[in-house]
Amino acid sequence: MSNKKILILPGDYIGPEIAAEAVKLLEALKAEGEKIEWRFGHLGGAAYDAEGHPYPPSTQQAARAADAILMGAVGGPKYDALPRAVRPEQGILGIRKDLGLFANLRPALAYAELSAASSFKPEVIAGLDILILRELTGDIYFGQPRGRRTNAQGHEEGYDTMHYSAPEIERIARVAFEAARKRSRRLCSVDKENVLETSRLWREVMIRVGKDYPDVALTHLYVDNAAMQLVKNPKQFDVIVTGNLFGDILSDEASMLAGSIGMLPSASLDANNKGLYEPIHGSAPDIAGQNKANPLAMILSVGMMFRYTFDRADIAERIDAAVRAVLRAGHRTADIAQPGEKIIGTREMGDAVVDAFRRLRQ
Ligand SMILES: NC(=O)c1ccc[n+]([C@@H]2O[C@H](COP(=O)([O-])OP(=O)(O)OC[C@H]3O[C@@H](n4cnc5c(N)ncnc54)[C@H](O)[C@@H]3O)[C@@H](O)[C@H]2O)c1
Ligand SMILES: CC(C)[C@H](C(=O)O)[C@@H](O)C(=O)O
Ligand SMILES: [Mg+2]
């Protein structure tokens, strides 16, 4: 059997720092005999610097040839003044669209060990385990036309277009119902059906697809109410399915249930489970270059890669267990530390996870 090919796109600011910790874990796996190999590529600002485009042809080719992609994070102040077409963020949007990665899985778990790091009362989040499924290649993120114009009053105006086609909604709906089937069979679809035509169609299609899944209880919430319910009583949810923009916002909100945005991994999958794996957070320019970033979201993203693309739940579970073990042992980066707790850096946290991971080998 040939090696699984992983493309690593470290990106910008803390991206390379957290990607280095993921590589340590891959090295440990390779040393155990796992048939994996990896190479590095450019995405985002790093790609703009090296090749003049945030998603250059060399990365496109490597991404198409890879079995899975691991990405750090892109963007940051160095690139904020660039024209939108070459901003780093267009790199990540471009690769998602190019590879058809329409299904974005963003699980949010409340680790008991971190309950003190959360801004929520322990009883609100204890045992929380929800999955946000975000549609990733449609919506206002990609809608045309968009641009600037002068309106009838002579004022400058910016405009974007929100749209979803029925097939786009149907395919994410099916992923969501299947995911709910493997969990507690509860699916909440989040939209803005009281205002937006896009959302009216979204809801109609969800209900239509739901007829094929009579064993899954489908509910609907408006996104404003969902945002409120998520902090009021997050455990009422199991799987949430929503569009690109609402999912972006709700998943950052959900990250605080887990204690820190540095804890949330994600998988972005195509119809065949080829995937791009990345933390949900950004490039954190405020802490870059200081060995402060929490690498756990990135490390957990490696776990998701083994679960979804490589079909190796055993390795995914061992990575999850290693993360729990280091948290239990009291290892804390600054974002998850309580006053008085000893703080370790990005590299030390990565080393601790790799140690725990090795020890967990049966
Ligand atoms: N997928 C991506 O690559 C991605 C995602 C979101 C934002 N961005 C980009 O990142 C840049 C910064 O965006 P932002 O500041 O709005 O969001 P951000 O997620 O980078 O940072 C928000 C806050 O969370 C903290 N944080 C984030 N990740 C952390 C980690 N691993 N450990 C500890 N603390 C962490 C940061 O220090 C900051 O205070 C922007 O250019 C944005 O476009 C990229
Ligand atoms: C950087 C940005 C384009 C991206 C998004 O909005 O999808 C990010 O916020 C994310 O959540 O992955
Ligand atoms: Mg986001």
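Looking up the protein chain in an unreviewed UniProt entry gives the name 3-isopropylmalate dehydrogenase, with the organism given as Sinimarinibacterium thermocellulolyticum. In its Catalytic activity (unreviewed entry) section, UniProt records this for the protein chain: "(2R,3S)-3-isopropylmalate + NAD(+) = 4-methyl-2-oxopentanoate + CO2 + NADH". Under Subcellular location (unreviewed entry), UniProt gives the following word-for-word description of the protein chain: "Cytoplasm".

## Some points on the UniProt feature "binding site: Mg(2+)" (unreviewed entry) in the protein chain
The residues that UniProt annotates with the feature "binding site: Mg(2+)" (unreviewed entry) are Asp224, Asp248 and Asp252. Their sequence span is 29 residues, while the largest C-alpha to C-alpha distance among them is just 14.5 Å; these annotated residues converge on one region. Filtering the just-named annotated residues for those lining the second largest pocket gives Asp248 and Asp252. Tracing the sequence through the fold places aspartate 224 in helix 8 (residues 223-232).

## Topic: the nonpolar core
Note on soluble globular proteins: their nonpolar side chains tend to be buried together. Membership of the largest hydrophobic core comes to 91 residues, with the highest contact counts inside it found for Leu26, Leu70, Met263, Leu296, Val302, Met305 and Phe306. Broken down by element, this core gets its largest block of residues, nine residues, from helix 1 (residues 14-31). For this core, the domains that each give at least three residues are domain 1 (1-107 + 263-362) and domain 2 (119-258). Each residue touching methionine 305, except ones within four places of it in the same chain, is listed here: Ile6, Leu26, Ala68, Leu70, Tyr277 and Phe310. With 15 residues, the next largest nonpolar core counts Ala62, Ala63, Leu99 and Leu276 among its residues.

Cut-offs used in this document
- Residues numbered from 1 in each chain as written.
- Chains lettered and ligands numbered in written order.
- Predicted model: local features only at pLDDT ≥ 70, side-chain atom pairs only at ≥ 80, totals over all residues.
- Heavy atoms only, no water.
- UniProt positions renumbered as here; feature names shortened; annotations may be inferred.
- 1 Å grid on protein atoms, 1.4 Å probe; cavity = no way out; pocket = protein on both sides within 12 Å on 5 of 7 lines; lining within 4 Å.
- Helix = DSSP H or I, 4+ residues; strand = E, 2+ residues; numbered from the N terminus.
- Core = buried A, V, L, I, M, F, W, Y, C linked by side-chain atoms within 4.5 Å.
- Buried < 20%, exposed > 50% of the residue type's maximum accessible area, 1.4 Å probe, protein only.
- Domains from an automatic or database assignment.
- Contact = heavy atoms within 4.5 Å.

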